[in-house]
Amino acid sequence: MASPLQLRFVMSAGDVNQLPESPAEVAVIGRSNVGKSSIINALGNRKALARVSKKPGSTELLNCYEVEGLGTLIDCPGYGYAAKSARIRDASRRMVETYMLEREQLTMVVLLVDGEVGPTKLDLEMLSWLRTNGVAHSVVATKRDKLKAAQRGKRERDVAAACDLAPGDITWVSAVEGTGRDRLLSLFRIWLG
Ligand code: GDP
């Protein structure tokens, strides 16, 4: 088993200018409930590290975790909360887009899609935005354990096709079973390298 990232919560930033100094950053983004907190906790081998990003008031912010010796992991606000007002949704989206376009230290945006549900309309919009704007990104599909073994191959091809990607372009993970964790850990080390 690959050693976990040494993650330490640093701060929640409401603006790109407030972000801490860092040599390299990887941002993680996805719709609410996609499994983002579970994956961040799995990468850090911690049970409730990313709980902070769920605290009221923190859900609209860029939650920053120092990755010891490497750089920063940025937990971006989840999108698609029905409960959020349109005004908050727009402000949050603008902030994240500005961050992704302007942050020089950002080396990779990890877009999480729910492997069981497949990419939603909002996921595909985000993917299209990343492509249009030339922002380096990588798609990770979550909750692989929820697929029946017999469906997995087809499901992996279908999710890739829906994202207009080859199956090998997507990293499949399960926070419950630990599948894909080692691969994702090595990718993070490369992206922050
Ligand atoms: P977030 O809102 O994107 O941070 O998502 P969470 O990490 O809080 O996960 C949302 C729900 O999905 C929770 O009920 C988790 O227990 C569940 N979940 C997250 N990852 C997995 C996974 O790999 N497998 C399964 N079966 N459930 C998961």
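**What to know about the overall build of the protein**
Step number 1: Summing up its helical and strand segments, the protein has 5 helices and 7 strands in all.
Step number 2: Reading the helices (α) and strands (β) of the protein from amino to carboxyl end gives β-β-α-β-β-α-β-α-β-α-β-α.
Step number 3: Its C-alpha atoms give the protein a radius of gyration of 16 Å, near enough to 16 Å, the size a compact globule of 193 residues would have.
Step number 4: Overall, the C-alpha framework of the protein stretches about 45 × 40 × 30 Å when taken along its three principal axes.
Step number 5: Looking at the protein as a whole, 49% of its 193 residues are labelled buried.
Step number 6: Pairs at least 24 residues apart make up 74% of the contacts formed inside the protein by residues separated by at least 6 positions.
Step number 7: The centroid of the 27 positive side-chain charges in the protein is displaced by 6 Å from the centroid of its 22 negative side-chain charges.

**A word on the pattern of salt bridges**
Step number 1: In this structure the tally under the stated criterion is 11 salt bridges.
Step number 2: Across the pair Asp75 and Lys36 runs a salt bridge whose closest N-O atoms are separated by 2.4 Å. Residue Asp75 is located in strand S4 (residues 71-75), and its partner Lys36 is located in helix H1 (residues 36-44); the two are separated by 39 residues in the primary sequence.
Step number 3: Among the residues examined, Asp75 registers a relative accessible area of 1% and is labelled buried.
Step number 4: Across the pair Glu97 and Arg93 runs a salt bridge whose closest N-O atoms are separated by 3.1 Å. Pair noted here: Glu97 and Arg93 are both in helix H2 (residues 86-102), with a separation of 4 residues, about one helical turn.
Step number 5: Beyond isolated ion pairs, a larger network of salt bridges with shared partners links Arg31, Asp114 and Lys143.

**Section: helix H4 (residues 152-162)**
Step number 1: Here H4 has its buried residues at Arg152, Arg155, Val159 and Ala160. Looking straight down H4, one finds that the buried residues subtend no more than 130° of arc, so they occupy a single side.
Step number 2: Looking at the packing, one finds that the buried side of H4 touches strand S5 (106-114) and strand S7 (171-172).
Step number 3: Positive backbone phi, approximately 60°, marks Asp164, located one or two places after H4.

**Digging into the packing of H2 against helix H3 (residues 121-132)**
Step number 1: At a closest axis distance of 12 Å, the pairing of H2 and H3 adopts a crossing angle of 35°. Seen along the crossing, H2 lies across H3 with a hand that is right-handed. Of the residues in H3, those touching H2 at Arg93, Glu97, Met100 and Leu101 are Glu125, Trp129 and Leu130.
Step number 2: Here the residues of the contact of H2 with H3 sort into 4 nonpolar, no polar and 3 charged.

**Some points on the sheet that holds strand S2 (residues 25-29)**
Step number 1: If you trace the 7 strands from one edge of the open sheet to the other, you get S1-S3-S4-S2-S5-S6-S7, paired in mixed fashion. Each end of this open sheet is capped by a strand with a single partner; those strands are strand S1 (7-13) and S7.
Step number 2: Two strands pair when backbone bridges link them, and strand S6 (residues 137-142) and S7 are joined in this way by 2 bridges, in the parallel orientation. Each bridged residue has a counterpart across the sheet, and for Val140 the counterpart in S7 is Thr171.
Step number 3: Contacts from H3 reach S2, S5 and S6 within the one sheet, and its direction differs from that of S5 by about 160°.

**Topic: the site of the ligand**
Step number 1: The full set close to the ligand counts 14 residues, and Ser37, Ser38, Lys54, Asp145 and Ala175 are the nearest of them.
Step number 2: In this structure, Asn33 approaches the ligand through a main-chain N or O atom, which is 2.8 Å from an oxygen atom.
Step number 3: Taking Gly35, its main chain carries an N or O atom lying 3.0 Å from an oxygen atom of the ligand.
Step number 4: Its free accessible area being 570 Å², the ligand has 73% of it covered by the protein chains.
Step number 5: Its residues assigned to classes, the shell around the ligand shows 3 nonpolar, 6 polar and 5 charged.

Cut-offs and rules
Residues numbered from 1 in each chain as written. Predicted model: local features only at pLDDT ≥ 70, side-chain atom pairs only at ≥ 80, totals over all residues. Heavy atoms only, no water. Helix = DSSP H or I, 4+ residues; strand = E, 2+ residues; numbered from the N terminus. Rg over C-alpha atoms; globule rule 2.2 N^0.38 Å. Buried < 20%, exposed > 50% of the residue type's maximum accessible area, 1.4 Å probe, protein only. Contact = heavy atoms within 4.5 Å. Lys, Arg positive; Asp, Glu negative; His and termini not counted. Charge placed at Lys NZ, Arg CZ, Asp CG, Glu CD. Salt bridge = Lys/Arg side-chain N within 4 Å of Asp/Glu carboxyl O. Arc of directions from axis to C-beta. Axes fitted to C-alpha atoms, helices over the stretch in contact; angles between N-to-C directions. Left-handed = near helix turned anticlockwise from the far one by under 90°. Nonpolar A, V, L, I, M, F, W, Y, C, P; charged D, E, K, R; others polar. Pairing = 2+ DSSP bridges. Near = heavy atom within 4 Å. Polar contact = N/O pair within 3.5 Å; in protein donor to acceptor, adjacent residues only side chain to side chain. Areas by Shrake-Rupley, 256 points an atom, 1.4 Å probe, with all protein chains shown as cover.

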